[in-house]
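Geometric and topological summary
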Amino acid sequence: MTGDEATDRGASEGAGFTFRRRPTSVPPDIRPEWRIPLLLLMVRRCRGQVATREQLHVLNSAVLSAGSRRALLAALDGRLAPRSPALQFEPAFDRAIDRGVGFGLLATNPRGRLELTDLGRSVADTVDADEGLFTSERALLESLPRSLSQSTVRKALAERRMS
């Protein structure tokens, strides 16, 4: 039997089955077109518009979950409840950060922290100009201490670990 005959035979054995590509719904929180602009807003909210991955993961966790949002706000106020939800470190968010760097929206400074590039600031300005975008996420970011610092995040995480 030749290779072509085997291919034809295999195709006929699968008769009765039809395979069609169908669109798959992807949740917004893992879509780059949703994550990356939000990531830029998060970096902008951090002290000096410079952020560590740790800071960004904490903010991302708070954005994705109401429980994590309450836990972060409570920890920042120094009143973390023992049963508050854990903050999440999500691999999909790391990919968004890497894409932001790859697209030239973020750059890693000599200290290993992420900062907005000129292009990143321009995109963040465009997102900020449309008040209908990221309304709940912006509300959360605005409720945080101005210029959220790495030490503030570390303190919140330390209190979380102690509970």
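Residues numbered from 1 in each chain as written. Predicted model: local features only at pLDDT ≥ 70, side-chain atom pairs only at ≥ 80, totals over all residues. Heavy atoms only, no water.

The secondary structure content of the chain amounts to 8 helices and 3 strands. Helices (α) and strands (β) of the chain occur, in sequence order from the N terminus, as α-α-β-α-α-α-β-β-α-α-α. Looking at the 163 residues of the chain, the share that counts as buried comes to 39%. Pairs at least 24 apart in sequence give 70% of the contacts found in the chain among residues at least 6 apart. Carbon together with sulfur atoms contributes 52% to the accessible area of the chain, which is approximately 9900 Å² in total. (Helix = DSSP H or I, 4+ residues; strand = E, 2+ residues; numbered from the N terminus. Buried < 20%, exposed > 50% of the residue type's maximum accessible area, 1.4 Å probe, protein only. Contact = heavy atoms within 4.5 Å. Areas by Shrake-Rupley, 256 points an atom, 1.4 Å probe, with all protein chains shown as cover.)

It is worth spelling out the nonpolar core at this point. Formed by 30 residues in total, the largest nonpolar core has its most connected members in L39, M42, V43, L56, L59 and L72. Among the secondary structure elements, those contributing two or more residues to this core are α2 (32–45), α3 (53–64), α4 (66–76), α5 (91–102), β3 (114–116), α6 (118–129) and α7 (135–143). (Core = buried A, V, L, I, M, F, W, Y, C linked by side-chain atoms within 4.5 Å.)

Another aspect to go through is the side chain of E137. Turning to its location among the elements, E137 is positioned in helix α7. Classification of E137 by relative accessible area gives buried; the value is 11%. Among the polar contacts listed, one links the side chain of E137 to the side chain of S136, at a separation of 3.3 Å. When residues no more than four places from it in sequence are discounted, the contact partners of E137 are W34, L38 and V63. (Polar contact = N/O pair within 3.5 Å; in protein donor to acceptor, adjacent residues only side chain to side chain.)

As a further point, take the sheet that holds strand β1 (residues 50–51). Hydrogen bonds between backbone groups are what pair the strands of a sheet, and the pairing can be parallel or antiparallel. What the 3 strands build is an open sheet, ordered β1-β3-β2; its pairing is antiparallel. On the outer flanks of this sheet lie β1 and β2 (106–108), each paired with one strand and no other. The pairing of β2 with β3 spans 3 bridges and is classified as antiparallel. In the strand pairing of β3, L106 is matched with L116. (Pairing = 2+ DSSP bridges.)

To describe two helices that pack against each other, one gives the angle between their axes and the distance between the axes. As a packed pair, α3 and α4 sit with axes 5 Å apart at the nearest point and diverge in direction by 130 degrees. Classified by the angle their axes make, α3 and α4 are oblique. In this structure, α3 uses V58, L59, S61, A62, V63 and L64 to contact α4, whose residues at the interface are A66, S68, R69 and L72. (Axes fitted to C-alpha atoms, helices over the stretch in contact; angles between N-to-C directions. Parallel < 35°, antiparallel > 145°, perpendicular 65-115°, else oblique.)

Time to look at the environment of D94. By the secondary structure assignment, D94 is in helix α5. Using a relative accessible area of 27% as the deciding quantity, one classes D94 as partly exposed. With 37 residues separating them along the chain, D94 and H57 place their C-alpha atoms 8.3 Å apart. In this view, D94 contacts R53 and H57; residues no more than four positions away in its chain are not counted.

Attention now moves to the packing of α3 against α7. At a closest axis distance of 10 Å, the pairing of α3 and α7 adopts a crossing angle of 130 degrees. Viewed along their axes, α3 and α7 adopt a mutual orientation that is oblique. Read as a crossing pair, α3 and α7 show a hand that is right-handed. Contact residues: L59, A62 and V63 in α3; E137, L140 and L141 in α7. (Left-handed = near helix turned anticlockwise from the far one by under 90°.)

Bringing the pattern of salt bridges into the picture now. Per the stated rule, a full pass over the model turns up 6 salt bridges. The shortest N-O distance in the salt bridge between R44 and D128 comes to 2.5 Å. Here D128 lies in helix α6 and R44 lies in helix α2, a separation of 84 residues in the sequence. Under the relative-accessibility criterion, D128 is labelled partly exposed at 29%. Ionic pairing is found between D118 and R121, a salt bridge with its closest N-O pair at 2.6 Å. You can see D118 and its partner R121 sitting in helix α6, 3 residues apart, about one turn around the helix. Several salt bridges share partner residues, and in doing so they unite R44, D125, D128 and R138 into one network. (Salt bridge = Lys/Arg side-chain N within 4 Å of Asp/Glu carboxyl O.)

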